[in-house]
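Structural description and commentary
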Amino acid sequence: MEYRNQTFDQERALYAVKDAIVENCTFDGPADGESALKEASGIQVRNCRMNLRYPFWHVSDAEISGCELTQNCRAALWYDRNIVLDGCRLNGIKALRECDGVTLRNSSASSEEFIWKCRNLTVQNVTIESSEYPFFEVAGADIRSLSMKGKYSFQYCSDIEIADSNLDTKDAFWHSKNVTVRDSVIRGEYLGWYSEKLTLVNCRIIGTQPLCYCRDLTLVNCTMEDCDLAFERSTVQADVKGKIDSVKNPLGGKIEADCIGELILEESVADPAKTEIICRKCGGRCA
């Protein structure tokens, strides 16, 4: 079955179609119908404009390429399985939720509450702008070349690998588990609080009060800029190149840097004997 160069505006216009090609079509019009491709499977959707709500719910085994999902296309992909999105623009709120086995590549998104509660996710060469709470409760993801600007990202996520990315995001990785970030820039306040087994390798970390209340935190060959009051109540193994502005009340482990501007150890909170502090430039503790 093939649908080409058509306009659809009715409710469930292509409901439950199977093994179909939908190309150069527009989903818009006065009928203002929802759920155009609900329950579809084995479909290829190419160069289409989606301007109506909920087009891809309960869809399986689909390839969606070169498509525009407008601001009016809210909650576009929910409860889907085995979906590839390539070269798409996702601009409606809540674009991806409760999906399993999604590949998103060469695409852009400006979507509030983007990618919630998804599993087995692959992201490659994607730009996300103006999003709050992206990647909320995502479980299992391989993310490469992501450029993101938003707030409160990766909260309650687990089992994620991120590489070669630029993350401009406040409050990232709160309550995350088993997350590794490599060769990336992470900019934002209050990074990684309450995380468990967060590992940062060759990363540039920028922003106030990072990495507090963490369990089994690891930093390898990272830099820290404008990072004050770091590692409060965290268990940490940190190898930092350059200076850390200040470190406050770590609970245990080892923190090694070229210089630590201020070391705050309140014996009523943290036992100084449980954390080894090394400043390479002075051979001891700079603070």
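Use the structure listed above.
Computed from a predicted model, the values in this text were never measured in an experiment.

1. So, the sheet that holds strand β10 (residues 77-78)
Pairing between the strands of a sheet comes from backbone hydrogen bonds, and it takes one of two forms, parallel or antiparallel. Taken together, the three strands give an open sheet; going across it, the order is β7-β10-β13, and neighbouring strands pair in parallel fashion. The sheet is open, and its two edges are formed by β7 (56-57) and β13 (96-97), each paired on a single side. Sheet topology places β7 next to β10; two bridges connect them, and they run parallel. By the bridge assignment for β10, F56 is matched with L77.

2. As for the pairing of strand β8 (residues 60-65)
Sheet topology note: the strand β5 (residues 44-46)/β8 ladder contains three bridges and is parallel. Each bridged residue has a counterpart across the sheet, and for V45 the counterpart in β8 is I64. With five bridges joining them, β8 and strand β11 (residues 81-86) adopt parallel strand pairing. Bridge pairing in β11 links S65 to D86.

3. Some points on the pairing of strand β14 (residues 100-109)
Across five bridges, the pairing between β11 and β14 is parallel. Bridged to R81 within β14 is D100. As defined by bridge partners, strand β12 (residues 89-90) adjoins β14 across two bridges and the pair is classed as parallel. Opposite R89, over in β14, you have S108 as the bridge partner.

Quick notes on the rules
Residues numbered from 1 in each chain as written. Predicted model: local features only at pLDDT ≥ 70, side-chain atom pairs only at ≥ 80, totals over all residues. Heavy atoms only, no water. Pairing = 2+ DSSP bridges. Helix = DSSP H or I, 4+ residues; strand = E, 2+ residues; numbered from the N terminus.

No statement about biological role is implied by the geometric values presented.
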